[in-house]
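Structural description and commentary
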Amino acid sequence: MIENFELQGHAWLKRLYELRVKWCPAFSIDIFSARIRSTQRSESMNSILHQIMNSFLSLIQVMQHYEEKAKEFRQIELNQDFRCKNGAPNKVNGHGILKHASNVYTLAMFKRFEKELIDCIGLNCVEFSNIENISLYHVTEDGRERIYYVEFDVPNSIVSCSCNMFESLGLLCRHALRVFLMNNIKEIPEKYILRRWTKKAKSLLASDFRASSAHKEKSSCLLRFNELNHIGYNLFDKGSLTPKCTQIVKEKLFEALHLVENEMATMQEANDSEISKHTPFQDAINDGNERSSEKLMFDPVCVKTKGSRNSQMKSQFEKNQKKKNKEGNALSSFKR
Ligand SMILES: [Zn+2]
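Residues numbered from 1 in each chain as written. Predicted model: local features only at pLDDT ≥ 70, side-chain atom pairs only at ≥ 80, totals over all residues.

**Some points on the nonpolar core**
What counts, and what does not: Put simply, a nonpolar core is a cluster of buried Ala, Val, Leu, Ile, Met, Phe, Trp, Tyr and Cys residues tied together by C-beta atoms within 7 Å. Put plainly, a residue is buried at 20 or more neighbouring C-beta atoms within 10 Å of its own, exposed at 12 or fewer, and partly exposed in between, counting only other residues' C-beta atoms, which are placed from the backbone. Each helix corresponds to a stretch of at least 4 residues labelled H or I by DSSP, and each strand to a stretch of at least 2 residues labelled E; elements are numbered beginning at the N terminus. Think of it this way: build a C-beta for each residue from its backbone, and any pair within 7 Å is a contact.
Residues Ala101, Tyr105, Phe113, Val150, Ala176, Leu177 and Val179 are the most contacted members of the largest nonpolar core, which totals 25 residues. Only helix 5 (96–104), helix 6 (107–120), strand 2 (134–140), strand 3 (147–153), strand 4 (158–161) and helix 8 (174–182) provide two or more residues apiece to this core. At five residues, helix 6 tops the list of elements feeding residues into this core. For leucine 177, the contacting residues outside a window of four places in its chain are Glu116, Leu117, Cys120 and Leu172.

Set out below in structure tokens:
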């Protein structure tokens, strides 16, 4: 196109072409991105915020609307979790691999997998070569010239397709599934089930946190909250299965709540006694090295912001006052 329009010397286009690896999807097709375009996430967020906001809202109203929307999304997620957990989707009596997919994938990912599996039935698949148990297949679609190359290592159940869908999305493509069908594979190999697309994705996160909690002493309040949240999710997930389990969870939670409240009360008492030992004035006289929790706080330095109209307002106010005084004087002189 550059040659057609004789733009070889255009500096901006030349630079853009040199950086093509960074912006052209063809060069990043083998990198996992869940098929999300770079700006897609922020665009969808923008669209949601535009629905709930306008220029007449105050900051507090904006936050209230935002929290309402966030609550709505969390509820949708909870409903989806519930639907995924409680039973497999319909139409799972078909092929073994479809049944396996319905057991492991979330509903949304199962639907995508199901579509790929249905579409794979109409593909033409020919074994091109077989060297040391590694088969190469040519997969084509009716009416299209493009050939997809699928390599399948039968003993190790390793499959790779030239379309790179698994690498970018984490889900097997129709071409690989076509080869699986030809080889009568009844289950998705473990290595091709991405944990993030499974029903157990959230419960597995808790164990990850436990493993990586070596730095929990240094972690912030929010990180600790997230860690507890994931452990709690796992606990409530299992605890709600039977009445007995629910009872155990409730008893232990009340026990834990009691312990935590005692701990907080002890900390508060220790804190109060520490404060009573040091008055702010004494601490100010000392250089403050010994203090850890109490620090003197001063009002911030007032700085006039750029574009401030205080001076103009003041002068206007003064002008008005002067005007009033003048009028008052004139009136008083008239009265005289
Ligand atoms: Zn493919």
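**Remarks on the environment of cysteine 125**
Residue placement: cysteine 125 occurs in strand 1 (residues 124–131). Placed 54 residues apart in sequence, cysteine 125 and valine 179 show a C-alpha to C-alpha distance of 7.3 Å. Among all residues touching cysteine 125, those that are not within four sequence positions of it are Tyr137, Val139, Arg178, Val179 and Met182.

**Concerning the packing of helix 5 against helix 6**
For clarity, the threshold we go by: Helix axes are fitted to C-alpha atoms over the stretch in contact, other axes to C-alpha atoms as well, and angles between N-to-C directions run from 0 to 180 degrees. Any angle from 65 to 115 degrees is called roughly perpendicular, while one under 35 is roughly parallel, one over 145 is roughly antiparallel, and all others are oblique. In this scheme the handedness of a crossing depends on how the near helix is turned from the far one: anticlockwise by less than a right angle means left-handed, clockwise means right-handed.
Interaxial distance between helix 5 and helix 6 falls to 9 Å at its minimum, and their mutual angle equals 165°. By the angle class used here, helix 5 and helix 6 are roughly antiparallel. In this structure, the crossing between helix 5 and helix 6 has a hand that is right-handed. Along its contact with helix 5, which presents Leu98, Ala101 and Ser102, the element helix 6 presents Phe110, Phe113, Glu114 and Leu117.

**Structural notes on the UniProt feature "domain: SWIM-type" (unreviewed entry) in the chain**
Filter applied, for reference: UniProt positions are given in the numbering used here, feature names are shortened, and annotations may be inferred rather than shown by experiment.
As recorded in UniProt, the feature "domain: SWIM-type" (unreviewed entry) lies at residues 148–184. Taken end to end, residues 148–184 has its terminal C-alpha atoms 20 Å apart, with 38% of it in helix and 27% in strand.

**Regarding helix 5**
For helix 5, every residue scored as buried is listed here: Leu98, Ala101, Ser102 and Val104. Where the residues of helix 5 are buried, they touch helix 6.

**Considering the sheet that holds strand 3**
Here is the rule we go by: At least two bridges found by DSSP between two strands are what make those strands a pair.
Strand order in this open sheet of four strands is 1-2-3-4, and the pairing throughout is antiparallel. Single-partner strands in this sheet number two, and they are strand 1 and strand 4. Mean inter-strand twist for the sheet, computed between neighbouring axes without regard to direction, equals 20°. Both strand 3 and strand 4 contribute to a ladder of four bridges, which runs antiparallel. Each residue of the ladder has a partner; that of aspartate 153, found in strand 4, is isoleucine 158. The strands touched by helix 8 are strand 1, strand 2, strand 3 and strand 4; relative to strand 3, the strand with the most contacts, the crossing angle is about 50°.

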